[in-house]
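# Coordinates in review
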Amino acid sequence: MPLGLVGSPQADDGAPPRAILRPPFRQAFARKTVPVQPNGTFLDILFFGDIVGKAGRQAVFHYLEHLGDRPELVIANVENVTHGFGISERHYRELLERGIHVMTGGNHSFDRRELVDFIGGAHAMLRPANLPGQNVPGVGWRVFDLGVGVKVGVLNLIGQAFMANYNSPWEQLETAV
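Below, the structure is looked at part by part. Note that residues are indexed from 1 along each chain, following the sequence as it is written. Per-residue local features of the predicted model are confined to residues with pLDDT of at least 70, and side-chain atom pairs are confined, for both listing and counting, to 80 or more; whole-chain, interface and lining totals are unaffected and use all residues. To get the side-chain values, take all heavy atoms of the structure and skip hydrogens and water.

### Points about the packing of aromatic side chains
- Note on aromatic pairs: the rings of Phe, Tyr and Trp (six-membered ring only in Trp) are paired at centre separations within 6.5 Å, and the planes decide the class, stacked below 30 degrees, edge-to-face beyond 60, tilted for the rest. Here the structure, examined in full by the defined rule, presents 2 aromatic pairs.
- Between the aromatic rings of phenylalanine 48 and tyrosine 63, the centroid separation amounts to 5.8 Å while the plane-to-plane angle is 85°, which identifies the pairing as edge-to-face. With phenylalanine 48 in strand β4 (residues 42–48) and tyrosine 63 in helix α1 (residues 53–65), this residue pair connects regions lying 15 residues apart in the sequence.
- Per-residue accessibility, obtained with a 1.4 Å probe over protein chains only, is compared with the maximum for each type, and a residue is labelled buried under 20%, exposed over 50%, and partly exposed between these values. The exposure class assigned to phenylalanine 48 is buried, which follows from its relative accessible area of 3%.
- Relative accessible area serves as the criterion here: at 27%, tyrosine 63 is assigned to the partly exposed category.
- Relative to phenylalanine 118, the ring of tyrosine 92 has its centre 5.7 Å away and its plane inclined at 45°; by these criteria the two rings are tilted. Of the two residues, tyrosine 92 is situated in helix α2 (residues 89–97) and phenylalanine 118 in helix α3 (residues 114–118); the sequence distance between them amounts to 26 residues. The residues tyrosine 92 and phenylalanine 118 share a single accessibility class, namely buried.
- A positively charged side chain is recorded as over a ring if its NZ (Lys) or CZ (Arg) lies within 6 Å of the ring centre. The angle to the ring normal must also be within 35 degrees. Cation over ring: arginine 98 sits above phenylalanine 61, and NZ or CZ is 4.2 Å from the ring centre.
- The lysine or arginine in question, arginine 112, covers the ring of phenylalanine 85, its NZ or CZ lying 4.5 Å from the ring centre. Secondary structure counts use DSSP, requiring at least four H or I residues in a row for a helix and at least two E residues in a row for a strand, with both numbered from the N terminus.

So this is what it looks like as C-alpha cells:
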C-alpha cells in the first residue's frame, strides 16, 4: 500500500492532508515535461503511482485541486482504488471527473468482477496488455488525443518478478510498438 493519508482530510487547522509513503516507495507521483516536437514544444505529464482506497483518492484529489498549472496528461494506476482492491465503475467515473485522463491497472485490476462489465466502454482504462488468455476484456494500450495537436500512446505492461504467470512484457512491447 504505497499511498495513504496522515491526519484527517478536513483538518481543523486548514492544512492539507499529507501523503505518506511506505518503503520501498520514495514518491507516489512523478511529473515530467517532455519534448514532443523539434521546435521546442513540450508536453507536461503527471503520473500517480498506485492509488489505494479512499485515503489515496482523497490525497490525489486534493493534490489536483491545489495544483497550479494543470498538465496536459494525467495518468494514474488505479488497480487498488476501490477499498484497496480493484476498481468500481463509480470510482472510475469519479477519477475521470476529477481530471485523470488515463488509468492503468495491474495484478489486482480484476479483483472486482464488475470491471469485466464496464471495461469495454471505459475508454480511459488500460488493463495490462500482457495478461495471459485470448479473450481478456479491455485493452492494454491506446492512443489518446490530447486535443492540443498531440496524440500520446500509452502502453500498460505488468512485470513477471514475484508475480503470477504473466506473458513476457518484452514480447508484448515489441508486438505493441
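### Looking at the pattern of salt bridges
- Salt bridge, as used here: a side-chain nitrogen of Lys or Arg that lies within 4 Å of a carboxyl oxygen of Asp or Glu. By the definition in use, this model includes 3 salt bridges.
- Where glutamate 94 meets arginine 57, a salt bridge forms, and the shortest distance between an N and an O atom there is 3.6 Å. Of the two residues, glutamate 94 is situated in helix α2 and arginine 57 in helix α1; the sequence distance between them amounts to 37 residues.
- What makes arginine 57 buried here is its relative accessible area of 8%.

### With respect to the pairing of β4
- Judged by how many residues are buried, β4 sits mostly within the fold: 5 of 7 residues are covered.
- Pairing of β4 with strand β5 (residues 73–77), which is carried by 4 bridges, proceeds in the parallel orientation. Across the sheet, residue phenylalanine 48 finds its bridge partner in β5, namely alanine 76.
- Place the viewer so that the strands point away; then a crossover is right-handed whenever the path from the first strand over the helix to the second strand goes clockwise. Remark: the β4/α1/β5 crossover connection has right-handed handedness. Strands pair, by our definition, only if DSSP identifies at least two bridges between them.

### Some details on α2
- All of the buried residues in α2 are His91, Tyr92 and Leu95. Mapping the buried residues of α2 onto a view down its axis gives an arc of 105°, with all of them on the same face. Exposed residues on α2 whose side chains face more than 90 degrees from its buried face are Arg90 and Glu97.
- Where the residues of α2 are buried, they touch α1, β6 (102–104), α3 and β7 (125–126).
- A positive backbone phi angle near 110° is found at glycine 99, which sits one or two residues after α2. To obtain the arc, one takes the directions from the helix axis to the C-beta atoms. By definition in these notes, contact holds between two residues if any of their heavy atoms fall within 4.5 Å.

### Digging into the environment of isoleucine 75
- By secondary structure assignment, the location of isoleucine 75 is in strand β5.
- Once residues lying within four places of it in the same chain are set aside, the contact partners of isoleucine 75 are Ile45, Leu46, Phe47, Phe48, Val102, Thr104 and Val154.

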